[in-house]
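Examining the three-dimensional arrangement
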Amino acid sequence: MELKILSTLLFILLLISTTSTSSKTPPSIPKSTLDPKQISALQSLYLPVTPDPCLNPTNATTCDSASPFRHVTSLRLSNCSRDLQISPTALRALSTVRSLSLSNCPSLPRVPLPLALASNLRSFACAHAFSGGLTGVWLSRLANLTDLTVSDVSIKASGASIVLSRMSAVRSVVLTRCNLTGSLPRHWHSNLTRIDFSDNRIAGTIHSSISALSGGLRFLNLSHNGIHGEIPDAFGELVSLENVSLAYNSLSGPIPESVSGMSGLVHLDLSSNKFNGSMPRFLADLPGLKHLNLENNEFRGVIPFNVSFIKRLQVLKVGGNSGLCYNHTVLSSKLKLGIAPCDRDGFPVSPPPQRDDSPSPDDDGADTSDGGGDGEARKDEHRHGPSKLVLGVAIGLSSVVFLIIFFVLLSRCCR
């Protein structure tokens, strides 16, 4: 009996020991669901692979749901190490990537993309990347892109048409501060909804073929270039446009009346060009317009807008048009438009005043055209002190008082 009890106790102690030991064994680490070749590729790019980037998506990678191994579909490299080198082997392993983004990788050399990766990409973005810049031919190989964004990266190409030549499915193109030269494309892909070529060295004119984008173009920014000539009448066919900036170019002539049909316009910036003639009244009939900038051009005559339209706008800038003025019976000087009031003949009565956001202490209401000169004279007189006549009278009276005091004192001395 004692032997049986002892055996039972030994069995219980052994069971407890085994349980305690097994509880201290570390849990097994689950295998990664990512393709092993892509794990090696990500490691070569100094990207973390633990925990599993597919089970724990980060800003750097996202994956598909393929089996037995998942694959990277989105890859983002930012703030790259100066030592980073992208090998052809890594690029071939990552040929499943559909969205590629590189930012702040200025020392990264430009490398040829494998055909499989170039064909699979749908979105490509880079900013402050590639030590030697990019070429139009290199970009044109990304033929299946729908979104292209390049900023602060030099592009060597004879024009944007080289870049876009094969991208028949592209919807959004942003090429800013790329030192891009040449002229605007004459043939556009009709799928485009967004075009931004700002801050480059594009020259030439806006061709009427831009009307091919009438189907869905909503955003157009060609500012800060060297584009000249007139806006073609066909520009008004872009009826889907909501945001337009042609600022800081050398465009001239009038604003075409066809623009009146662009009922969806919300933002229109034509500043710092050479537009001339009368400022078009039809701009006030655009129902959704909120931002209108026509400053620093050569418009002349009376501004055709009324108070209700101006109050509807969030931004209105018309200063810097030396021949432009406003009707003081319609608009008050308190609006601070940066232009002078008109005389009876529709010409500015004085040079345009300095723009100032703070109200002037001498500004007490609407301007008057006939009395404007007298008012300015009175203000000028007030600023420059008393007139010569007043000074003469004051000096004469002072002399008489001095003589009277002198004779009184002299008579007392003689006594």
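Above this note sits the structure.
Here the structure is a predicted model, which means the values were calculated and not measured. Residue positions within a chain follow its written sequence, with the count starting from 1. Local features are withheld for residues below a pLDDT of 70 in this predicted model, meaning they are given only at 70 or higher, and side-chain atom pairs are given and counted only at 80 or more; totals for whole chains, interfaces and linings count all residues. Just so you know, side-chain values use all the structure's heavy atoms and leave hydrogens and water out.

Time to look at the environment of Leu 268. Looking at the element boundaries, Leu 268 is found in strand β14 (residues 267-269). Along the sequence, Leu 268 and Leu 241 sit 27 residues apart, while their C-alpha atoms lie 9.8 Å from each other. Any pair of residues with heavy atoms lying within 4.5 Å of one another is described as a contacting pair. Setting aside anything within four residues of it in sequence, one finds Leu 268 in contact with Val 244, Leu 283, Leu 289, His 291, Leu 292 and Asn 293. Numbering of helices and strands runs from the N terminus; a helix is a DSSP stretch of H or I covering at least four residues, while a strand is a stretch of E covering at least two.

Strand order in the open sheet formed by six strands is β11-β13-β15-β17-β19-β20, with parallel pairing between adjacent strands. Unpaired on one side and paired on the other, β11 (228-229) and β20 (340-341) mark the two borders of the sheet. In terms of strand pairing, strand β17 (residues 298-302) meets strand β19 (residues 323-326) through three bridges, oriented parallel. Across the sheet, Val 302 pairs through a bridge with Cys 325, a residue of β19. We call two strands paired when DSSP finds no fewer than two bridges between them.

Within the open sheet, the 12 strands sit side by side as β1-β2-β3-β4-β6-β8-β9-β10-β12-β14-β16-β18. Their pairing is mixed. Each end of this open sheet is capped by a strand with a single partner; those strands are β1 (61-63) and β18 (315-317). Across this sheet, the average inter-strand angle for adjacent strands is 5 degrees, counted without regard to direction. Fitted lines through C-alpha atoms give the axes, limited to the stretch in contact for helices. The angle between two N-to-C directions lies from 0 to 180 degrees.

Before going further, it helps to examine the pattern of salt bridges. For this analysis, a salt bridge means a side-chain nitrogen from Lys or Arg found within 4 Å of a carboxyl oxygen belonging to Asp or Glu. The final tally for this structure, using the stated rule, is one salt bridge. For Arg 177, the salt bridge goes to Asp 152, with nearest N and O atoms at 2.9 Å. With Arg 177 in the loop between β8 (172-176) and β9 (194-196) and Asp 152 in the loop between β6 (147-151) and β7 (155-156), the pair connects residues that are 25 residues apart, well separated along the chain.

A cis amide bond links Thr 50 with the next residue in sequence, Pro 51, at an omega value of -5 degrees. Relative to the helices and strands, Pro 51 is located in the loop between α2 (36-44) and β1. Pro 68 follows Ser 67 through a cis peptide bond whose omega is 5 degrees. Mapped onto the fold, Pro 68 is located in the loop between β1 and β2 (72-78).

Before going further, it helps to examine the packing of aromatic side chains. Here the aromatic set is Phe, Tyr and Trp, taking the six-membered ring for Trp, and pairing holds for ring centres within 6.5 Å; pairs whose planes are under 30 degrees apart are stacked, those over 60 apart are edge-to-face, and all others are tilted. Throughout the structure, instances matching the rule amount to four aromatic pairs. Judged by centre distance (6.4 Å) and plane angle (20 degrees), the rings of Trp 188 and Phe 197 are stacked. Each of the two residues, Trp 188 as well as Phe 197, counts as buried. Criterion for a charge above a ring: Arg CZ or Lys NZ at most 6 Å from the ring centre, at most 35 degrees from the ring normal. The lysine or arginine in question, Arg 194, covers the ring of Phe 219, its NZ or CZ lying 3.9 Å from the ring centre. Only protein chains enter the accessibility calculation, which uses a 1.4 Å probe; a residue whose area is less than 20% of its type maximum is buried, one above 50% is exposed, and one in between is partly exposed.

For the rest of this paragraph, the subject is the side chain of Gln 38. For Gln 38, the position within the fold is in helix α2. Between N or O atoms, a polar contact is any pair within 3.5 Å; within protein, one atom must be a potential hydrogen donor and the other a potential acceptor, and residues adjacent in sequence are included only when both atoms are from side chains. A polar side-chain atom of Gln 38 sits 3.0 Å from the main-chain carbonyl oxygen of Ala 93. Contact partners of Gln 38, with chain neighbours within four places excluded, come to Arg 70, His 71, Val 72, Ala 93, Leu 94 and Thr 96.

Take α2 next. Taken as a whole, α2 has its buried residues at Gln 38, Ile 39, Ala 41 and Leu 42. Taken around the axis of α2, the buried residues stretch over an arc of 165 degrees, which confines them to a single face. Where α2 is buried, its residues meet β1, β2 and α3 (88-93). Its side-chain oxygen 2.9 Å from the backbone nitrogen of Lys 37, Asp 35 forms the N-cap of α2. Two residues or fewer after α2 comes Tyr 46, characterised by a positive phi angle close to 60 degrees. In this description, one arc is meant: the one made by directions from the helix axis to the C-beta atoms.

The quantities given are spatial measurements derived from coordinates; they are silent on function.
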